[in-house]
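Residue-level structural notes
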Amino acid sequence: MAPPMSASSFLDALKDEGLTVVEVGDWRHHNRNHKGSWGPVNGVMIHHTVTQGSAATVRICRDGHADLPGPLCHGVITKDGHVHLVGYGRANHAGLGDDDVLRAVIAEKSLPHDNEANTDGNSRFYGFECENLGDGEDPWPAAQLEAIEKAAAALCRHHGWSERSVIGHLEWQPGKIDPKGFTMASMRERIRARLK
């Protein structure tokens with residue numbers, strides 16, 4: 001459990017991990033803080049977008065839509081491995097999830113099965129949306145997977161977290177399937193190796 005890093009520290013951490021970062025508009029002040037708390041933060045959540053085309057994906061994640069106002073994450077990881085920063089602070093990405101999962105993330109223990117949605121995740125997790133149709137067939141390029149690994153590791157490194165602080169949306173909220181096309185266990189293994 002930690003206070004969120006500053007926007008400048010967030011940017012620096014990503015760059016220090018070797019990522020190509022694209023700053024989109026006034027991302028540092030684009031948030032949903034008026035709807036609830038931002039922090040303490042406990043981990044990093046990975047999503048897929050169910051969209052195609054980098055420009056459209058970044059725009060949707062920044063602006064949201066009528067039913068779900070943006071930002072829909074903090075960073076959008078496009079297929080070329082670039083991280084587009086679209087917001088900072090509370091973002092509409094995690095929604096309600098399982099309090100048992102949150103306790104496991106905080107304790108950095110194995111995750112239980114998510115079977116309820118009773119805890120606000122938007123205040124507790126950094127969120128990365130990753131450009132992918134989420135159909136299990138749309139490929140995940142090596143550059144994109146490496147960027148997911150680096151982005152998550154950068155935040156874990158800053159906060160002193162292990163790879164167990166990184167979860168997929170499907171591990172947080174019943175009924176969610178993202179990210180689809182790689183396993184979170186394999187991604188956590190990559191993050192663990194990078195943190196060494």
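Quick note: structure is the one above.
As a starting point, this report considers the structure included with it. (Residues numbered from 1 in each chain as written. Predicted model: local features only at pLDDT ≥ 70, side-chain atom pairs only at ≥ 80, totals over all residues. Heavy atoms only, no water.)

**Points about helix α3 (residues 99-107)**
For clarity, the threshold we go by: Only protein chains enter the accessibility calculation, which uses a 1.4 Å probe. A residue is then buried if its area is under 20% of the maximum for its type, exposed if over 50%, and partly exposed in between. Counting from the N terminus, the helices are DSSP H or I runs at least four residues long and the strands are E runs at least two residues long. In this description, contact between two residues means that some pair of their heavy atoms is separated by no more than 4.5 Å. Definition of a polar contact: a pair of N or O atoms within 3.5 Å, with one able to donate and the other able to accept a hydrogen when the atoms are protein atoms, and with sequence-neighbouring residues admitted only if both atoms are side-chain atoms.
Looking at α3, one finds that the buried residues are Asp99, Val101, Leu102, Ala104 and Val105. On its buried face, α3 is in contact with β2 (43-48), β7 (96-97), β8 (119-120), β9 (125-130) and β10 (166-168). The N-capping residue of α3, defined by a side-chain oxygen 2.7 Å from the backbone nitrogen of Asp100, is Asp98. Once α3 finishes, Glu108 follows within two positions and takes phi at roughly 55°, a positive value.

**Some details on the sheet that holds strand β5 (residues 75-77)**
Where strands meet in a sheet, backbone hydrogen bonds hold them as pairs that are either parallel or antiparallel. Note the threshold: Strands were regarded as paired on the criterion that DSSP finds at least two bridges between them. Lines fitted to C-alpha atoms define the axes here, with helix axes fitted over just the stretch in contact, and angles between the N-to-C directions of these axes take values from 0 to 180 degrees.
Strand order across the open sheet formed by 6 strands is β1-β6-β5-β9-β2-β10, with mixed pairing between neighbours. The open sheet terminates on both sides in strands that have one partner only, identified here as β1 (21-23) and β10. Averaged over all neighbouring strand pairs, the angle between strand axes comes to 25°, with direction disregarded. Note that β2 and β10 share 3 bridges and pair parallel. Bridging across to β10, Val44 finds its partner in Val166. The strands touched by helix α4 (residues 142-159) are β2, β5, β9 and β10; relative to β9, the strand with the most contacts, the crossing angle is about 170°.

**Regarding the pattern of salt bridges**
This is how the line gets drawn: Each reported salt bridge corresponds to a side-chain nitrogen of Lys or Arg within 4 Å of a carboxyl oxygen of Asp or Glu.
A full pass over the atoms with the stated rule returns 14 salt bridges. Arg190 is the salt-bridge partner of Glu149, the closest N and O atoms lying 2.8 Å from each other. Highlighted residues: Glu149 in helix α4 and Arg190 in helix α5 (residues 184-195), separated in sequence by 41 residues. On the basis of relative accessibility, which here comes to 9%, the residue Glu149 falls in the buried class.

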